[in-house]
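# Descriptive analysis of the structure
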Amino acid sequence: MATWSELSNEIAEGIQSAGRSIVSVQGDGRRTAAGIVLDDSTILTSAQGISEADNISVWISRQQPLKASLLGRDHGSDLALLKIDGKLGEPALFADSPQLALGQLVVAVARTWRGNLVASSGILSGLMGEWQTHGGKKIEAFIRPDLTLYPGFSGGALLGADRKIIGMTTRGLARGSSLAVPYATIKRITALLRDKGYVPSPYLGVGLQPVRLPESLRRKLNLSEHAAALVVHLEGGSPADHAGLMLGDILLAVADTRLGEERTVSILSRLAPDQKANIEGIRGDELFNRSVVIGERPRRQG
Amino acid sequence: MQEPTRVFILADSGAGVRKLGAVFDQAGFLLIGSQTIETTSPFETGLADVIVIRSRKAETASILVSRAGLPVLWVGQAADGGAAARGMFGHVPEDASLAQIRAAAAALAVGLQIKPREDRSYAEESEFTMLDPLTDRELEVLNLVAEGFPNREIARRLRVSPNTIKFHVSSIIGKLGASSRTEAVTLGLRHGLIII
């Protein structure tokens, strides 16, 4: 059983050691964020933390800042990658498969714009498996530490007792709640950001309206669900169009997602562009199954 | 042998009355009377089954309806008398075919209601129209809001100022009858405005 001073010192040392891979990031605006060193020249930070892509500066200590450029960003997961012209400190040590449990003591580490290391602590107060943000984006685990993320803490690291990083702290994922983006999500998203500079969004090209299935139809087709989605809009040339969907089709499921139970924005969240998926639906009182190749959401480049 | 439908004709002019009368004459209908419309003069519909009016005077037409107590078929432009059309039992547009006019009169006479399939005025007035339609730009913004992007990010993508986006979001909230951004998304989802 550790004494007060033993515990304190251990936490202090853990912060200093992990702090070598924590930087401060500042864009053109007044906002500052923290950042995590991923390798020699790449930093992970909060997408919302840097409002402008130009004139990004990075402090690794209290010395002169380094210039950084934006490699890519993804608002769905609030992650952004920065490229540094120069040599960074040690890459951060992430916990690959952390054994997280409710109540574990965790510490958030960040760096101020003056280059000073700062910290906050608490226990893991919320822990759940895969979830989706309000905008329907997949996050590999729900991690909510019970601590204060002061201004400038987004983009920093959440440390566990093994001194490894559990995830990136942020207040930008769910209406101001303090959460950590898990390492699994960081791995997935940064790979895409390095490759394309953005994260392609899965796309079908339909506008769906929730509808209740009439009793007669449920009986006739032996359906257990009560609700489905009616196609009220079909984008020409879209994946849905190529799959032969029509206005008026009633969709029951896309891949394994039953549409009657899911928010429209979440329907495609477990799918990726170029992936094949089966669409189960009803047309004219008969069930149908059609294969669709998920496309990429047309995007306006900023 | 079926009883012929008894029709009473009202039109703006003598010529109009004759033209409309000709539609029904020789077609299995019985023309029992006709009159040109004058705002306040009374008319005797006798034993009519249906009154057929062809008029550009919408207010007049609606006054007549309230007096009649009989099914009324109004032949005229929807734009001229949308309000009048609502008070009546049946309406066919100005350019309706003879067959349509006769069918409408016969249907009304036996107690049915009629409605042209493609008349846009009905689309505007029907109970299925619940929302002020969103502009293309507003739909675009709503979809971006639904994806979870903050205003700043939406502004950046659409290359406009954040204030412009705030303005669009306000308008969207108003049109959907929502009380917040989040509720606007929920209502947008419910009405099939979100494209995935």
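Residues numbered from 1 in each chain as written. Chains lettered and ligands numbered in written order. Predicted model: local features only at pLDDT ≥ 70, side-chain atom pairs only at ≥ 80, totals over all residues. Heavy atoms only, no water.

## Some remarks on the layout of surface pockets
If you add up the space inside the largest pocket, you get close to 920 Å³. Forming the boundary of the largest pocket are 41 residues, of which Arg-297 and Pro-298 of chain A together with Glu-140, Leu-144 and Glu-147 of chain B lie nearest the centre. Contributing elements (two or more residues each) for the lining of the largest pocket: strand S5 (66–74) and strand S17 (227–234) of chain A together with helix H6 (136–146) and helix H7 (151–158) of chain B. When the residues that make up the lining of the largest pocket are grouped by side-chain class, the tally is 15 nonpolar, 12 polar and 14 charged. The computed volume of the second largest pocket comes to approximately 690 Å³. Together, 34 residues line the second largest pocket, and Gln-48, Arg-171, Gly-172, Leu-173 and Gly-176 of chain A are the ones closest to its centre. Broken down by secondary-structure element, the contributors of at least two residues to the lining of the second largest pocket are strand S2 (32–39) of chain A together with helix H9 (181–190) of chain B. For the lining of the second largest pocket, the element with the most residues is H9 of chain B, which contributes 3 residues. Taken together, the residues that form the lining of the second largest pocket break down as 11 nonpolar, 16 polar and 7 charged. (1 Å grid on protein atoms, 1.4 Å probe; cavity = no way out; pocket = protein on both sides within 12 Å on 5 of 7 lines; lining within 4 Å. Points joined across faces, edges and corners; volume = space filled by probe spheres on them. Helix = DSSP H or I, 4+ residues; strand = E, 2+ residues; numbered from the N terminus. Nonpolar A, V, L, I, M, F, W, Y, C, P; charged D, E, K, R; others polar.)

## Notes on the pairing of strand S7 (residues 105–111) of chain A
When a strand is regular, its side chains alternate between the sheet's two faces. Residue and element names in this part refer to chain A. In terms of burial, S7 is a largely internal element, 6 of the 7 residues being buried. Sheet topology note: the S7/strand S12 (residues 157–159) ladder contains 3 bridges and is antiparallel. Paired with Val-107 across the two strands is Leu-159, which belongs to S12. (Buried < 20%, exposed > 50% of the residue type's maximum accessible area, 1.4 Å probe, protein only. Pairing = 2+ DSSP bridges.)

## So, the interface of chain B and chain A
Taken residue by residue, the interface counts 23 residues in chain B and 31 residues in chain A. Here chain B meets chain A over a buried area of about 2400 Å², counting both sides, of which 50% is carbon and sulfur. Per-residue buried area on chain B facing chain A is highest for Glu-147, Ile-195 and Ile-196 of chain B; these three make up 32% of the total on that side. Counting across the interface, chain B meets chain A through 2 salt bridges. At the boundary of chain B with chain A, the tally comes to 9 residue pairs in polar contact (both at pLDDT 80 or more). Counting residues per element, the side of chain B that touches chain A draws most heavily on H7 of chain B, at 5 residues. Taken together, the residues of the side of chain B that touches chain A break down into 9 nonpolar, 5 polar and 9 charged. (Contact = heavy atoms within 4.5 Å. Buried area = accessible area lost by both parts, 1.4 Å probe. Salt bridge = Lys/Arg side-chain N within 4 Å of Asp/Glu carboxyl O. Polar contact = N/O pair within 3.5 Å; in protein donor to acceptor, adjacent residues only side chain to side chain.)

## Focus: the pattern of salt bridges
If you walk through the whole model with that rule in mind, you get 20 salt bridges over all chains. Where Asp-40 of chain A meets Lys-87 of chain A, a salt bridge forms, and the shortest distance between an N and an O atom there is 3.4 Å. Pair noted here: Asp-40 of chain A is in the loop between S2 and strand S3 (42–46) and Lys-87 of chain A is in the loop between strand S6 (79–84) and S7, with a separation of 47 residues, a long-range link. Asp-40 of chain A gets classed as partly exposed once you look at its relative accessible area, which sits at 44%. For Lys-87 of chain A, a relative accessible area of 58% gives the class exposed. Through salt bridges with shared partners, a single ionic network connects Lys-137 and Arg-297 of chain A together with Glu-147 of chain B.

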